[in-house]
Amino acid sequence: MASWLLWLIVVFTIITVGKGKQNVRQVCHFNDLKGLTSFKAGIHVDTSSRLAKWVGHGCCSWEGITCNETTGRVTGIRLPGFISTNDLVFQSQMRGLLSPSITLVSCLEVIDLGGLIGLAGRIPPSIGLRLPNLRKLYLYGNKLIGPVPDSIGKLSKLEELHLYENRLSGSLPSTMGNLKNLNQLLLYSNELAGTIPDAFTNLTNIVQMDLHSNILTGHIPERIGEMQVLEKLDLSKNLLTGKIPLSLANLNSISELYLDTNHLEGEIPFPSSFGQLSSLGFLRLDDNHLTGRIPTSFGNMVSLQRVSLANNKFEGVIPSSLGNLSALKELYLSGNLLSGQIPESVGQLSQLIMFNVSHNQIQGPLPHELSSLENLQTLDLSFNHLNLISFPQWLAELPSLSRIYCARCGIQGEIPDFLQATPSPIQELDLSSNHLTGSLPAWLGRLTQLYKLNFSRNSLASRIPVSVRNLQYLGVLDLHSNKLTGPINNVFQIGNAFPDGSLTYIDLSDNYFSTGIVQAGVGSQTGIRYLNLSHNFLEGRVATSIGRLKSLQTLDLSCNKLGFNLPEALANVSSLEKLKLQKNHFTGRIPVGFLKLKRLKELDLSDNLLAGEIPAGKPLTDFPRSSYSGNKGLCGKPLSPCKVKGLLLVEEPL
């Protein structure tokens, strides 16, 4: 009998405990329910429809909510903006304000509201005081404003903090230096200001710190080298000043270091000894005010794959030790004061695909060892003191080379025929600012993969060959400042590989072209954004087809012999920002439709034969008198008021 009674007690206990656990799962803790419903109430649009399923009191069964099975308390809110299905990934929206009551859910370990475009408001100021167990906080890609709360430094268990791509402002709280367990700090693309607190160097477990694209000022903390497990550091695109700290060389685990686009000065202080920064693969120091020479010890950082030192004030020779960087794929040295010759050792960089030394003081000759660079795809030697005289044929025989930039390299003579049959199809070719003579060759049409062609500032004298119509991928055509003649219609008759054509940029200015303007907008090339035909001898009428260039931002037809009325169809080009038609023979009135050009920032109609009243209203009345001067028949603001004489409007004498 006693054993039977004992068995009943055990069964009753199991059932009771089971029901207790079941109740824990079904009934939400009062504070959790209040915090979650307040969050839902702050959202007025949810394109994912997840919040619509938040009904009843059993919040642990709600989508995106996880709970502790023992206590029943909510431990996770996972409602990321990017949602994956079997077929696709799409980004959902939650428009509304982030409720500060979310901190009532006090046992939270994970908050993931990242990528919810439309989620606005502020990070709750009390977040660090109310959520002591928080390990991961993802509030990136929202529209949050205001500061990063000081209390965030109280989140002693926090491991990952992702607040990037918001509109956060104010300074970085030094209290964040207390986050000893933090391994990811991503605050980039905000409006954070002030200095980087020295206390950040106490984050000795941090693996990734990204603060780029803010407005941070001051120096990089001197003790930054104490963050020994740091693998990625990005402080680029800020307003940082001072020198690069010596301690950076102690970051033995770092593989990515981006300090570009700041105001840093002084010399590169690393590596100071062999073995330092041995894991560094990606280094950007470009767009600063750095000086001195490129350290010879650079050749010891054998893991380097991509290096940019461009747009600084480095001087002296390119160290031959760079030839030791066997993993190097991209090297950007442009925009410095480097001199001497390109070292022969560069030919040892068998993995190199990009080599840019443009805008320096590099001298010739080119080392023939460069012909060993079988993987080189882009070579930019422009604007140096090379004085090549002739284009090196061996350079055109590189098996992978498709982008060639040799502007102002002292090249003379005709465009070399061997460029028509390179091992790799040419995609970009810039031989501008040289001494090229002769004609544009008919074989240009064989470069069917060509995207960019720049032969400007030479002495080429011919017509544009018909074969250019075959360049259906051509996006940029710059032939300005030559002696080219004849019609320009072939340019507008290039084939249509794309719905709006391929061309976006055309500059044929400062030549002797005479006809073909009527073809603008006739063919498939309607995606043109920049069109400069100024300083030619173009005659006749600008056809109404020019109004089909719906993407046009700059149109310069100045200093030609164009006549008849101004093309009213331009009023339909709402994207137009710059319109220059001065020094032609245009007659008649300024079309009233030009008032629709609301984006117009620059207008010049001077020195024509225009007459009548300037249409009243913005933007036409906002331009200076000089925009309309030299048209004796024009009147009205900003010129002198019109005076009625008979049925004519004439300008009052000054």
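The shown structure was predicted, so the numbers you read here are calculated from the model rather than taken from an experiment.

1. A closer look at the sheet that holds strand 45 (residues 633–635)
Part 1 of the argument: The parallel open sheet is built from five strands, whose spatial order is 38-40-42-44-45. Both outer strands of the open sheet, strand 38 (539–540) and strand 45, are each paired with one neighbouring strand and no more.

2. Let's talk about the state of the cysteines
Part 1 of the argument: Summed over all chains, the structure comprises three disulfides.
Part 2 of the argument: Here Cys-28 pairs with Cys-59 through a disulfide, and the sulfurs are 1.9 Å apart. Around the S-S axis, the bridge from Cys-28 to Cys-59 shows a dihedral of about 75 degrees and counts as right-handed. Here Cys-59 lies in the loop between strand 1 (43–46) and strand 2 (65–67) and Cys-28 lies in the loop between helix 1 (2–26) and helix 2 (30–41), a separation of 31 residues in the sequence.
Part 3 of the argument: With relative accessibility at 8%, the residue Cys-28 sits in the buried group.
Part 4 of the argument: Given the relative accessible area of 0%, Cys-59 is considered buried.
Part 5 of the argument: Linked covalently through their sulfurs, Cys-635 and Cys-642 form a disulfide whose S-S length is 1.9 Å. Across the S-S bond of Cys-635 and Cys-642 the torsion is about 100 degrees, and the bridge reads as right-handed.

3. Describing the sheet that holds strand 10 (residues 143–146)
Part 1 of the argument: Strand order across the open sheet formed by five strands is 1-6-8-10-12, with mixed pairing between neighbours. Two strands in the sheet have a free side with no partner beyond their single neighbour: strand 1 and strand 12 (167–168).
Part 2 of the argument: Pairing of strand 6 (residues 93–97) with strand 8 (residues 117–122), which is carried by three bridges, proceeds in the parallel orientation. Bridged to Gly-96 within strand 8 is Leu-119.

4. Observations concerning helix 2
Part 1 of the argument: Its twelve residues place the ends of helix 2 16 Å apart at the C-alpha level, agreeing with the 16 Å of an ideal helix rising 1.5 Å per residue.
Part 2 of the argument: Looking at helix 2, one finds that the buried residues are Asp-32, Leu-33, Gly-35, Leu-36 and Phe-39. Seen from one end, helix 2 has its buried residues packed into an arc of 165 degrees, which puts them on one side. Summarising the geometry of helix 2, the exposed residues directed more than 90 degrees from the buried face are Phe-30 and Ala-41.
Part 3 of the argument: Looking at the buried positions of helix 2, the neighbouring elements they touch are strand 1, strand 2, strand 3 (74–78) and strand 6.

5. Re unusual backbone geometry
Part 1 of the argument: Gly-364 connects to Pro-365 through a cis peptide bond whose omega is -5 degrees.
Part 2 of the argument: Within the fold, Pro-365 resides in the loop between strand 26 (354–356) and strand 27 (378–380).
Part 3 of the argument: A cis amide bond, omega 0 degrees, links Lys-618 with the succeeding residue Pro-619.
Part 4 of the argument: Within the fold, Pro-619 resides in the loop between strand 44 (609–613) and strand 45.
Part 5 of the argument: With phi around 60 degrees, Ser-481 is a residue other than glycine that occupies positive phi space.

6. Section: the environment of Gly-588
Part 1 of the argument: Tracing the chain through its elements places Gly-588 in strand 42 (residues 585–588).
Part 2 of the argument: Gly-588 sits in the partly exposed class, given a relative accessible area of 26%.
Part 3 of the argument: Through-space distance from the C-alpha of Gly-588 to that of Ala-611 is 5.5 Å; in sequence the pair is 23 residues apart.
Part 4 of the argument: Not counting the four nearest positions on each side in its chain, Gly-588 is found in contact with Asn-565, Leu-609, Leu-610 and Ala-611.

7. Describing the pattern of salt bridges
Part 1 of the argument: Overall, the coordinates contain eleven salt bridges when judged by the stated rule.
Part 2 of the argument: Where Lys-232 meets Asp-210, a salt bridge forms, and the shortest distance between an N and an O atom there is 3.9 Å. Here Lys-232, found in strand 17 (residues 232–234), pairs with Asp-210, found in strand 15 (residues 208–210); they are 22 residues apart in sequence, far enough to count as distant.
Part 3 of the argument: Classification of Asp-210 as buried rests on a relative accessible area of 3%.
Part 4 of the argument: In this structure, Glu-330 engages Arg-306 in a salt bridge whose closest nitrogen and oxygen atoms are separated by 3.4 Å. In this pair, Glu-330 sits in strand 24 (residues 330–332) while Arg-306 sits in strand 22 (residues 306–308), placing the two residues 24 residues apart along the sequence.
Part 5 of the argument: If you follow the salt bridges from partner to partner, you end up with Glu-109, Arg-135 and Glu-159 in one network.

8. A look at the pairing of strand 8
Part 1 of the argument: Taken together, the three bridges between strand 8 and strand 10 define a ladder with parallel strand orientation. Across the sheet, Gly-121 pairs through a bridge with Leu-144, a residue of strand 10.

9. Observations concerning the packing of aromatic side chains
Describing an aromatic ring pair means giving the distance of the ring centres and the angle of the ring planes.
Part 1 of the argument: Counted under the stated rule, the structure contains nine aromatic pairs.
Part 2 of the argument: Seen in terms of ring centroids, Trp-54 and Trp-62 are 5.0 Å apart; in terms of plane orientation they differ by 15 degrees. Their pairing is stacked.
Part 3 of the argument: Ring centres of Tyr-512 and Phe-537 lie 5.9 Å apart, and the angle between their planes is 25 degrees; this geometry places the pair in the stacked category. Of the two residues, Tyr-512 is situated in strand 36 (residues 512–515) and Phe-537 in the loop between strand 37 (530–532) and strand 38; the sequence distance between them amounts to 25 residues.
Part 4 of the argument: On the basis of relative accessible area, Tyr-512 is assigned to the partly exposed category, the value being 42%.

Each value, and the rule that gives it
- Residues numbered from 1 in each chain as written.
- Predicted model: local features only at pLDDT ≥ 70, side-chain atom pairs only at ≥ 80, totals over all residues.
- Heavy atoms only, no water.
- Pairing = 2+ DSSP bridges.
- Helix = DSSP H or I, 4+ residues; strand = E, 2+ residues; numbered from the N terminus.
- Disulfide = S-S within 2.5 Å.
- Buried < 20%, exposed > 50% of the residue type's maximum accessible area, 1.4 Å probe, protein only.
- Expected span 1.5 Å × (residues − 1).
- Arc of directions from axis to C-beta.
- Contact = heavy atoms within 4.5 Å.
- Salt bridge = Lys/Arg side-chain N within 4 Å of Asp/Glu carboxyl O.
- Phe/Tyr/Trp six-rings, centres within 6.5 Å; stacked < 30°, edge-to-face > 60°.

From the geometry alone we can't say anything about function, so treat these as descriptive.
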